[in-house]
Amino acid sequence: RYRATDPTTNSAHDDPAAVLSRACKVDKATIEKGYREYLDDVVKGIKAKPPEKALTFSQLRDAVKKEPDNADLKARLAEAYYSRDKAEARKLAKEVLSAKPNHPLASYVLGRLTEAAGDRDEAIKVLEAGLDRNNPEPKVLRELAKMYYNSGQFDKAAEATELGRRVEPYERQWLIEQAR
């Protein structure tokens with residue numbers, strides 16, 4: 001029996017590493033090393049991107065005027081225009097994509113606009129072009145998963161959802177989507 005005493009409470013409890021060591025017939029040091037490596041992999045996978053500086057619509061518009069070649073700012077402005085002026089959103093997203101063909105946020109905006117115009121197949125192509133499988137943008141994955149699902153491509157929807165769940169493991173929306 002493997003018992004350890006917790007020095008803070010002076011109470012005995014099972015030592016998990018010792019129990020695993022005995023059950024798996026592997027020494028405790030190997031289990032602890034493997035567990036640390038596993039945790040390192042998990043942490044690498046969930047490190048969040050630094051948040052973008054929040055800008056009001058007018059601040060974003062002014063920032064794009066100052067830096068008209070900044071694709072990221074222009075794509076953020078296209079996203080902001082999505083609910084205000086879809087024609088302007090489309091124009092900005094296309095400008096970004098002409099300079100950076102696989103820009104994820106511009107692909108997201110244009111993909112949503114294309115689906116809203118009734119062309120889901122083209123929207124999927126636009127979103128797929130903006131998907132970097134090594135560093136996927138969750139918004140792109142969410143839209144792709146929805147579009148795949150709504151077009152009956154359930155295997156692809158499940159694949160996009162699983163990738164999203166790996167990118168954002170603590171985002172409950174992925175689990176809800178997987179349950180569908």
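Caption draft 1: Structural context of helix α5 (residues 86–99). End to end, α5 covers 20 Å across 14 residues, agreeing with the expected 20 Å (1.5 Å per residue, within 8%). Those residues of α5 that sit buried are Ala 89, Leu 92, Ala 93, Val 96 and Leu 97. When α5 is viewed along its axis, its buried side chains cluster within an angular range of 135° and face the same direction. Across from the buried face of α5, at angles greater than 90 degrees, the exposed residues are Ala 87, Ser 98 and Ala 99.

Caption draft 2: Layout of the packing of helix α4 (residues 71–81) against α5. Where α4 meets α5, the axes come as close as 8 Å, and the angle between the chain directions of the two elements is 160°. In terms of their interaxial angle, α4 and α5 are classed as roughly antiparallel. Classified by chirality, the crossing of α5 by α4 is left-handed. From α4, Ala 71, Lys 74, Ala 75, Leu 77, Ala 78 and Tyr 81 reach across to α5, where they touch Lys 86, Glu 88, Ala 89, Leu 92, Ala 93, Glu 95 and Val 96. For the contact of α4 with α5, the per-class residue count stands at nine nonpolar, no polar and four charged.

Caption draft 3: Broad picture of the pattern of salt bridges. Counted under the stated rule, the structure contains 11 salt bridges. With a closest N to O distance of 2.9 Å, Arg 120 and Glu 115 form a salt bridge. Between Arg 166 and Glu 162 there is a salt bridge, and its shortest N-O distance comes to 3.5 Å. With Arg 166 and Glu 162 both in helix α9 (residues 154–167) and four residues apart, the pair spans about one turn of that helix. When salt bridges with common partners are traced through the structure, they connect Lys 74, Glu 88, Lys 91 and Glu 95 into a single cluster.

Caption draft 4: The arrangement of the environment of Gly 164 in detail. Turning to its location among the elements, Gly 164 is positioned in helix α9. A relative accessible area of 1% means that Gly 164 is categorised as buried. In the structure, Gly 164 is positioned 26 residues away from Pro 138 in sequence and 6.1 Å away in space, judged by C-alpha atoms.

Caption draft 5: Focus on helix α6 (residues 104–116). A rise of 1.5 Å per residue sets the reference length of α6, with its 13 residues, at 18 Å; its end C-alpha atoms lie 18 Å apart and thus fit the reference within 8%. Listed in full, the buried residues belonging to α6 are Leu 105, Ala 106, Ser 107, Tyr 108, Val 109, Leu 110, Gly 111, Leu 113 and Thr 114. Contacts made by the buried residues of α6 are with α4, α5, α7 (120–129) and α8 (138–150). After α6 finishes, the residue Gly 118 shows a positive phi value of roughly 100°.

Caption draft 6: Layout of the packing of aromatic side chains. Evaluated as defined, the whole model comprises two aromatic pairs. Between Phe 57 and Tyr 81 the ring centres are 4.9 Å apart and the planes differ by 85°, which places this aromatic pair in the edge-to-face class. With Phe 57 in helix α3 (residues 57–66) and Tyr 81 in helix α4, this pair connects stretches of sequence that are 24 residues apart. Since its relative accessible area comes to 13%, Tyr 81 is described here as buried. Between the aromatic rings of Tyr 149 and Phe 154, the centroid separation amounts to 5.3 Å while the plane-to-plane angle is 70°, which identifies the pairing as edge-to-face. Above the plane of the ring of Phe 57 lies Arg 84, whose end atom (NZ or CZ) is 3.7 Å from the centre. Note that Arg 112 overlies the ring of Tyr 82, its terminal NZ or CZ placed 4.0 Å from the centroid.

Caption draft 7: Structural context of the nonpolar core. Grouped together as the largest cluster of nonpolar side chains are 36 residues, with contacts concentrated most on Leu 77, Val 109 and Leu 144. Once you skip the residues sitting within four places of it in the chain, Leu 144 turns out to touch Ile 124, Leu 127, Glu 128 and Leu 131.

The rules we used
- Residues numbered from 1 in each chain as written.
- Predicted model: local features only at pLDDT ≥ 70, side-chain atom pairs only at ≥ 80, totals over all residues.
- Heavy atoms only, no water.
- Helix = DSSP H or I, 4+ residues; strand = E, 2+ residues; numbered from the N terminus.
- Expected span 1.5 Å × (residues − 1).
- Buried < 20%, exposed > 50% of the residue type's maximum accessible area, 1.4 Å probe, protein only.
- Arc of directions from axis to C-beta.
- Axes fitted to C-alpha atoms, helices over the stretch in contact; angles between N-to-C directions.
- Parallel < 35°, antiparallel > 145°, perpendicular 65-115°, else oblique.
- Left-handed = near helix turned anticlockwise from the far one by under 90°.
- Contact = heavy atoms within 4.5 Å.
- Nonpolar A, V, L, I, M, F, W, Y, C, P; charged D, E, K, R; others polar.
- Salt bridge = Lys/Arg side-chain N within 4 Å of Asp/Glu carboxyl O.
- Phe/Tyr/Trp six-rings, centres within 6.5 Å; stacked < 30°, edge-to-face > 60°.
- Lys NZ or Arg CZ within 6 Å of the ring centre and 35° of its normal.
- Core = buried A, V, L, I, M, F, W, Y, C linked by side-chain atoms within 4.5 Å.

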